[in-house]
Amino acid sequence: ATVFALAAIFDGGAAKVLISLKQAQPALFWLFLGGFCWVLGDLFQQYAAKYVGISRGIPLSNTNQLWGLAWGALVFGELATMTGAARALVVVGSLIMIAGAVAISLAEAPPAEQREWQAAMQRECARYGLDAGRVAAALAGSESASHARGSWRWWEMLIVAVAIAAFIWLGLHAKMQAIVVDAGWLLTLGTASFALLAAGGVVLWKRTRFC
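Note that the structure is a prediction, hence the values are computed from the model and not measured. Every residue gets a number counted from 1 within its own chain, in the order that chain's sequence is written. For a predicted model such as this one, the threshold for reporting local features is a pLDDT of at least 70, and the threshold for listing and counting side-chain atom pairs is 80 or more; totals across whole chains, interfaces and linings nevertheless cover every residue. With hydrogens and water excluded, all non-hydrogen atoms of the structure serve as input to the side-chain values.

Colleague: What exactly am I supposed to notice about the packing of aromatic side chains here?
Modeller: Centre-to-centre distance and the angle between the planes together describe a pair of aromatic rings. Two aromatic rings, drawn from Phe, Tyr or Trp (for Trp, its six-membered ring), form a pair once their centres lie within 6.5 Å of each other, and the interplanar angle then sorts them: stacked below 30 degrees, edge-to-face above 60, tilted otherwise. With the rule as written, the count across this model stands at 4 aromatic pairs. Where F29 meets W30, the ring centres are 5.1 Å apart and the plane angle is 80°; that geometry is what we call edge-to-face. For each residue, the accessible area found with a 1.4 Å probe, counting protein chains only, is set against the maximum for its type, and the residue is called buried under 20%, exposed over 50%, and partly exposed in between. In this structure F29 comes out as buried when scored by relative accessible area, which is 17%. Centroid distance F32 to F167: 6.2 Å. Interplanar angle 85°. Geometry classified as edge-to-face. In this pair, F32 sits in helix α3 (residues 25-52) while F167 sits in helix α10 (residues 154-172), placing the two residues 135 residues apart along the sequence. Residue classification places F32 among the partly exposed residues on the basis of a relative accessible area of 42%. For F167, a relative accessible area of 24% gives the class partly exposed. Of the aromatic side chains, those joined through ring pairs into one cluster are F29, W30, F32, F36 and F167. A run of H or I in DSSP becomes a helix once it reaches four residues, and a run of E becomes a strand once it reaches two; helices and strands are each numbered from the N terminus.

See the structure below:
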């Protein structure tokens, strides 16, 4: 609603926005599909923040910019018209990001930080009347699924049904877009994407049962 309001304000009114959406209807499915894939990454980001902390999980998850760069450069050829100097800057910047990610991933919380975390948890549990043992188990990923959540509520199922219906409706009106891609790199990166998703999902399920 917010984005639609902004578009209406800056693009000449709601009627014009609706006309633009009608014209873009054959491409909307692909845009929504890209957003769906992005949300999958966001879900994993929440687990990263929960189990390794915001200071480590968020910077590491934001290395998805490198993944986007790989798709843009290799699949869609976005660097093809750049000069050699510009490409070198992109490569150097990417290497710096990779080095930073490796450094963050190797950083471990010292005992002093662990003690501060325990003290903060005990303080907040006392303040809000929470079970400290259950909170610690949830943060460690060892809480049972039965305690983590109950059955689905009717409005949750309604949201899922509406989302699926929206994708089906958009898919029925979708058309292939005239975008030049490198089929080889598309297959390579696509396969790697699904492999990483499957591997990460399996590990997270074994550890947390998605709680």
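Colleague: Would you mind showing me how to read the layout of surface pockets here?
Modeller: Unoccupied space between atoms shows up once a probe the size of one water molecule is rolled over them. Within this model, the largest pocket holds a volume of roughly 2,300 Å³. Contributions of two or more residues to the lining of the largest pocket are made by α3, α4 (54-61), α5 (64-75), α8 (132-140) and α11 (183-208). The biggest single contributor to the lining of the largest pocket is α3, with 16 residues. For this classification, Asp, Glu, Lys and Arg are treated as charged, while Ala, Val, Leu, Ile, Met, Phe, Trp, Tyr, Cys and Pro are nonpolar and the rest, including Gly, are polar. Residues that form the lining of the largest pocket fall into these classes: 28 nonpolar, 14 polar and 2 charged. Two kinds of site are reported from a 1 Å grid over the protein atoms alone, namely cavities, where a 1.4 Å probe fits but cannot get out, and pockets, open sets with protein on both sides within 12 Å along at least five of seven lines, and residues are called lining when an atom falls within 4 Å of a point. Grid points are joined across faces, edges and corners, and a volume is the space filled by probe spheres set on the points.

Colleague: What should I look at first to understand the packing of α3 against α10 in this one?
Modeller: How two helices sit against one another is set out by the angle between their axes and by the gap between those axes. Packing of α3 against α10 brings their axes to within 7 Å, and their N-to-C directions diverge by 140°. In terms of axis orientation, α3 runs oblique to α10. In this structure, α3 crosses over α10, and the sense of that crossing is left-handed. Of the residues in α10, those touching α3 at Q25, L28, F29, F32, L33 and F36 are F167, W169, L170 and G171. Its residues assigned to classes, the contact of α3 with α10 shows 8 nonpolar, 2 polar and no charged. Structural elements are reduced to axes, namely lines fitted to C-alpha atoms, with helices fitted over the stretch in contact, and the angle between N-to-C directions of any two is expressed from 0 to 180 degrees. By the definition adopted for this analysis, an angle is roughly parallel if under 35 degrees, roughly antiparallel if over 145, roughly perpendicular if from 65 to 115, and oblique otherwise. Should the near helix be turned counterclockwise from the far one by less than a right angle, the crossing is left-handed, whereas a clockwise turn marks it as right-handed. Contacts are assigned to residue pairs that have any heavy atoms within 4.5 Å of one another.

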